[in-house]
Amino acid sequence: MLRPVAIHCLLSTLLCMWVLCNAQSPSGPPVIQLRLAGEKRKHYEGRVEVFYNGEWGTVCDDDFSITAAQVVCRELGFMNAESWSPSAKYGSGEGHIWLDNLHCTGGEKSLAECHSNGFGVSDCKHSEDVGVVCTQKRIPGFKFIQNQGLTVQVEDVRLRATYSQRKRIPITEGFLEVKYGGKWRQICNEEWTEKNSRVICGMYGFPGEKQHFVSYHFYLPTWELKFIMKQMFTKNFWGFSVNCTGNEADLSDCKIGREIKRKGNSTCEQGMPVVVSCVPGRAFAPSVSAGYRKAYRLEQPLVRLRGGAMIGEGRVEVLKNGEWGTVCDDNWNIRAATVVCRELGFGSAKEALTGARLGQGIGPVHMNEVECSGFEKSLTECYFNRDAGCSHEEDAAVRCNIPAMGFNKRLRLNGGRNPYEGRVEVLAEKNGSMVWGTVCSDSWGTMEAMVVCRQLGLGFASHAFQETWYWQGDGSTDAVVMSGVRCSGTELTMDQCLHHGKHILCPKGGGRFAAGVSCTQTAPDLVLSAQAVEQTTYLEDRPMYALQCAHEEHCLSSSADKADPSSYRRLLRFSSQIHNNGQSDFRPRAAHHSWIWHECHRHYHSMEVFTHYDLLTLNGTKVAEGHKASFCLEDTHCDEGIQKRYECANFGAQGITVGCWDTYRHDIDCQWIDITDLKPGDYIFQVVINPNYEVAESDYTNNIMRCRSRYDGQRIWTYNCYIGETITLEGP
């Protein structure tokens, strides 16, 4: 029989064991922190890493599911998950594999609430680290600035304009404020650095920051200085400092610095509110003086963007040895993309795009496996591998942060069936007040529509309309407030296009004849094979009696009108292969019912002018010409894995599928230039696709091909053919 003392000791031992067990296995899930790491190209994707027990570790892909990915993304502040990837797609992590065999229902607020083997219990290797891709849209009021073991939720960030900047566009200078606890709070500049300012400027679309200086506040108006002084003795300052290295693309990538503790009545005892002052890129800089313009002296760019719908986005192309080429997407990441964006006068990168997301380029692939520190002045200063081994299916692209210019506040579409189409209406000054009105449709075309869609952030133009009676807008806005609009297609806003100004001239008036557009997120991109032209060029002498149909279609020079039927015409023949490198199919603007039938050749023309063929003197004077109507736009052959969609037989649909070629052989009518009257000499042979811009494309600069040609009266040589605006003028 146990004595009372022994019973007491036994109960004490059991109680201690119970307390110890409960201390080791708390009833609630442990507090963890998540991040997306690894070889990622976007801020919303990456390897899933968990901070637990003072160390970062990974998650195994065994039993992982889209439901678990959704829990991860929501815990990180994103609305949802798009996908997840096994087998260390974003690179192998280090340290512990904290979680394995995860099973989530989708309702968990933290990944720690999901059922698993337990923290640190895993039979996986880091080659099985899981990754996720979240949606770009964030949960409102959910931004992170984090440090190891510490996460602070910041609801929003803004740059509140200083007094001198309040009426300027863009705002380049302001007080940095964070929304925390439902209130906007300023940041104390006690530990603020220029590297922090560099990150903030990049977020707001500016390539650089002005030198940080504390004494700025003494140049403020007295009332604003008093306001700041009052805030210094309130609780309106955020309680943390920020620690950026300067190469981050976003403030959320920076670390939390030390906590700034309140001392007495002051929250920023030794400093003032942070003021960030940024330097705008050339495209957004105010043209206030010759001195300012001198600071932006134009030089030959080494990097450019092509194929993007918006300003600040596109396929990355690099100039090397006089030839433009692309960048392979191997190791392409947000840091390298940010170097490109800053180099071109934009802010930091929003996205580093891969897989030719903004269309395939042409020419060589100049750079591969690019590695940047983030502080380079040019992408060409980054380390890269010259042995590309890549195809244009791997072309890298970027989307950059640009300043808030308010472009879309002065233009709108009205009456359309969806937000991407409608009658174009402009906010203009009339009789001393700002009113909405329409745009005259005289000379309205694809280039003007491209500018409208870009200004509104709606992508590329799909169609330009000169009649909009079927889009019923507000009758009070029928009056024409803008006429004579002519755009080159590169302008950022309609205001930058040529137009009549205040002197409106529109004989047809507005209303049903107001200009309209429809926009689309993708567009085709036609590119001619220069090699095919160069290899197939030859001369043929053909009798006039065999050219009657071609003569009817105006494929011969004007001297043929008076030529004897038994005479001969000298024709410069060649084949053309046209590839669609874009993101959507190339389709004729005209519908089936409006195609034109040509009895002589017995076929329809879906586009009256599809290509121009010209011979020019070396100073650019046209001496011979030809043109080709698109009597048959079809997929002659396609890249591997792509199905043909367009065939002309039996009055079928015409077009060129993405990744397919349309070939016009050298032996068909009108596939020539009539050079019967040409004198011997040196010339430039030029081919232009879609010359009247009837169909919108993502890039018109690659629609032109030029070659050098030498004609001795009997023979012709064609050499040094190039796509684009460059041409080599050396002889053979």
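What you see is a predicted model, and the numbers here were worked out from it, not measured in a lab.

Cut-offs and rules
- Residues numbered from 1 in each chain as written.
- Predicted model: local features only at pLDDT ≥ 70, side-chain atom pairs only at ≥ 80, totals over all residues.
- Heavy atoms only, no water.
- Helix = DSSP H or I, 4+ residues; strand = E, 2+ residues; numbered from the N terminus.
- Buried < 20%, exposed > 50% of the residue type's maximum accessible area, 1.4 Å probe, protein only.
- Contact = heavy atoms within 4.5 Å.
- Areas by Shrake-Rupley, 256 points an atom, 1.4 Å probe, with all protein chains shown as cover.
- Pairing = 2+ DSSP bridges.
- Axes fitted to C-alpha atoms, helices over the stretch in contact; angles between N-to-C directions.
- Salt bridge = Lys/Arg side-chain N within 4 Å of Asp/Glu carboxyl O.
- Disulfide = S-S within 2.5 Å.
- Phe/Tyr/Trp six-rings, centres within 6.5 Å; stacked < 30°, edge-to-face > 60°.
- Lys NZ or Arg CZ within 6 Å of the ring centre and 35° of its normal.
- Polar contact = N/O pair within 3.5 Å; in protein donor to acceptor, adjacent residues only side chain to side chain.
- Core = buried A, V, L, I, M, F, W, Y, C linked by side-chain atoms within 4.5 Å.
- Lys, Arg positive; Asp, Glu negative; His and termini not counted.

Student: An account of the overall build of the protein chain is needed here, citing residue identities and associated values.
Tutor: When you go through the protein chain residue by residue, the secondary structure sums to 9 helices and 42 strands. Relative to its full complement of 732 residues, the protein chain shows a buried share of 50%. Sequence separation of 24 or more characterises 69% of the internal contacts of the protein chain that already satisfy a separation of 6 or more. With an accessible surface of roughly 35600 Å², the protein chain has 51% of that area assigned to carbon and sulfur atoms.

Student: Which residues make up the pairing of strand E25 (residues 433–439), and what values go with them?
Tutor: For strand E24 (residues 421–430) and E25, the ladder comprises 6 bridges, and the chain directions are antiparallel. Counterpart to Leu 427 in the pairing with E25 is Trp 436. Once E24 ends, the chain turns through 2 residues before running back antiparallel as E25, passing Asn 431 with a positive phi of about 55°. Here E25 runs beside strand E27 (residues 480–482); their pairing, made up of 2 bridges, is parallel. When the sheet's bridge partners are listed, Val 439 is paired in E27 with Met 482.

Student: Go over the sheet that holds strand E39 (residues 672–674), please, and point to the residues and values.
Tutor: With respect to topology, 3 strands assemble into an open sheet ordered E30-E31-E39, the strand pairing being antiparallel. If you trace the sheet from one side to the other, it starts and ends with strand E30 (538–543) and E39, each paired once. Across the sheet, the mean angle from the axis of one strand to that of its neighbour is 35°, orientation sign disregarded. Here 6 bridges tie E30 to strand E31 (residues 568–573), and the two strands are oriented antiparallel to one another. When the sheet's bridge partners are listed, Tyr 538 is paired in E31 with Arg 573.

Student: Could you give an account of the pattern of salt bridges, with specific residues and numbers?
Tutor: The full count for this structure, using the stated rule, is 27 salt bridges. In this structure, Glu 351 and Arg 399 form a salt bridge, with 3.2 Å as the shortest nitrogen-oxygen distance. Residue Glu 351 is found in strand E19 (residues 349–353), and its partner Arg 399 is found in strand E22 (residues 397–400); the two are separated by 48 residues along the sequence. When the shortest N-O distance is used, the salt bridge between Asp 674 and Arg 569 registers 3.0 Å. Placement of Asp 674 in strand E39 and of Arg 569 in strand E31 is noted, with a sequence separation of 105 residues between them. Judged on exposure class, the residue Asp 674 and its partner Arg 569 are both buried. Overlapping salt bridges bring together Arg 304, Arg 315, Glu 317 and Asp 699 as one network.

Student: Go over the state of the cysteines with me, naming the residues and quoting the values.
Tutor: Applying the stated criterion across every chain yields a total of 14 disulfides. Note on cysteine connectivity: Cys 638 is disulfide-linked to Cys 660, with sulfurs 2.0 Å apart. Across the S-S bond of Cys 638 and Cys 660 the torsion is about 100°, and the bridge reads as right-handed. Of this pair, Cys 638 sits in strand E37 (residues 637–638) while Cys 660 sits in strand E38 (residues 660–664); the two residues are 22 residues apart in sequence, bridging distant segments of the chain.

Student: Residue-level account of the packing of aromatic side chains, with values.
Tutor: By the definition in use, this model includes 13 aromatic pairs. Plain terms: the ring middles of Trp 469 and Tyr 470 are 5.1 Å apart, the flat faces sit at 75° to each other, and that makes the pair edge-to-face. Exposure remark for Trp 469: the relative accessible area of 44% places this residue in the partly exposed category. For Tyr 470, a relative accessible area of 37% gives the class partly exposed. With a centroid separation of 4.8 Å and an interplanar angle of 75°, the aromatic rings of Tyr 693 and Tyr 700 are classed as edge-to-face. Put simply, the rings of Tyr 52, Trp 98 and Phe 119 pair up and form one aromatic cluster. Just above the ring of Trp 56 sits the side chain of Arg 35; from NZ or CZ to the centre is 3.9 Å. Against the face of Trp 324 rests Arg 304, its NZ or CZ located 4.1 Å from the ring centre.

Student: Residue-level account of helix H6 (residues 334–343), with values.
Tutor: Extensive coverage of H6 is indicated by the burial of 7 of its 10 residues. Restricting attention to buried positions, one finds in H6 the residues Ala 336, Ala 337, Thr 338, Val 339, Val 340, Cys 341 and Arg 342. The distance from a side-chain oxygen at the start of H6 to the backbone nitrogen of Arg 335 is 3.2 Å, and the residue carrying that oxygen is Asn 333. Positive backbone phi, approximately 90°, marks Gly 345, located one or two places after H6.

Student: Let's hear about the side chain of Asn 690: which residues, and what values?
Tutor: Locating Asn 690 in the fold gives a position in the loop between strand E40 (681–689) and strand E41 (704–711). With sequence-adjacent residues up to four places away left out, Asn 690 is seen in contact with Phe 586, Met 607, Phe 610, Val 695, Glu 697, Tyr 700 and Asn 703.

Student: Any details on the sheet that holds strand E29 (residues 526–528)? Residues and values, ideally.
Tutor: Within the open sheet, the 4 strands sit side by side as E29-E32-E38-E37. Their pairing is antiparallel. Looking at strand neighbours, the two that pair on one side only are E29 and E37, the edges of this open sheet. By the bridge criterion, 3 bridges tie E29 to strand E32 (residues 576–580) in an arrangement that is antiparallel. Paired with Val 527 across the bridge in E32 is His 579.

Student: Tell me about helix H2 (residues 66–75), and please be specific about residues and values.
Tutor: One turn of the α-helix equals 3.6 residues, which is why residues spaced by three or four share an orientation. What H2 keeps buried is the set Ala 68, Ala 69, Val 71, Val 72, Cys 73 and Glu 75. Looking one or two residues past H2, Gly 77 carries a phi angle of roughly 100°, positive in sign.

Student: Which residues make up the nonpolar core, and what values do they have?
Tutor: Counting 31 residues, the largest nonpolar core has Val 424, Val 439, Trp 444, Val 452, Val 485, Met 494 and Val 517 as its most contacted members. Sorting the residues of this core by element identifies strand E23 (411–415), E24, helix H7 (446–455), strand E26 (460–465), E27 and strand E28 (516–520) as the ones contributing at least two each. Considering every element that reaches this core, the biggest residue donor is H7, with 6 residues. Val 517 has contacts with Leu 413, Tyr 420, Glu 421, Gly 422, Val 424, Trp 444, Ala 449, Val 452, Cys 453, His 463, Phe 465 and Trp 471, leaving out every residue within four places of it along the chain. Among the nonpolar cores identified, the runner-up in size contains 29 residues, and Val 533, Tyr 613, Val 687 and Cys 707 belong to it.

Student: Now, about the side chain of Asp 525: what can you tell me, with residues and values included?
Tutor: Note on placement: Asp 525 falls in the loop between E28 and E29. Buried and unpaired, Asp 525 has Arg 315 as its nearest opposite-charge partner, separated by 4.6 Å.

Student: Let's hear about the pairing of strand E1 (residues 33–37): which residues, and what values?
Tutor: For a regular strand, the rule is simple: side chains alternate between the two faces of the sheet. Burial analysis of E1 places 4 of its 5 residues in the buried class, the great majority of the element. Pairing geometry for E1 and strand E2 (residues 45–52), over 5 bridges, is antiparallel. Paired with Arg 35 across the bridge in E2 is Glu 49.

None of this, on its own, says anything about what the molecule does.
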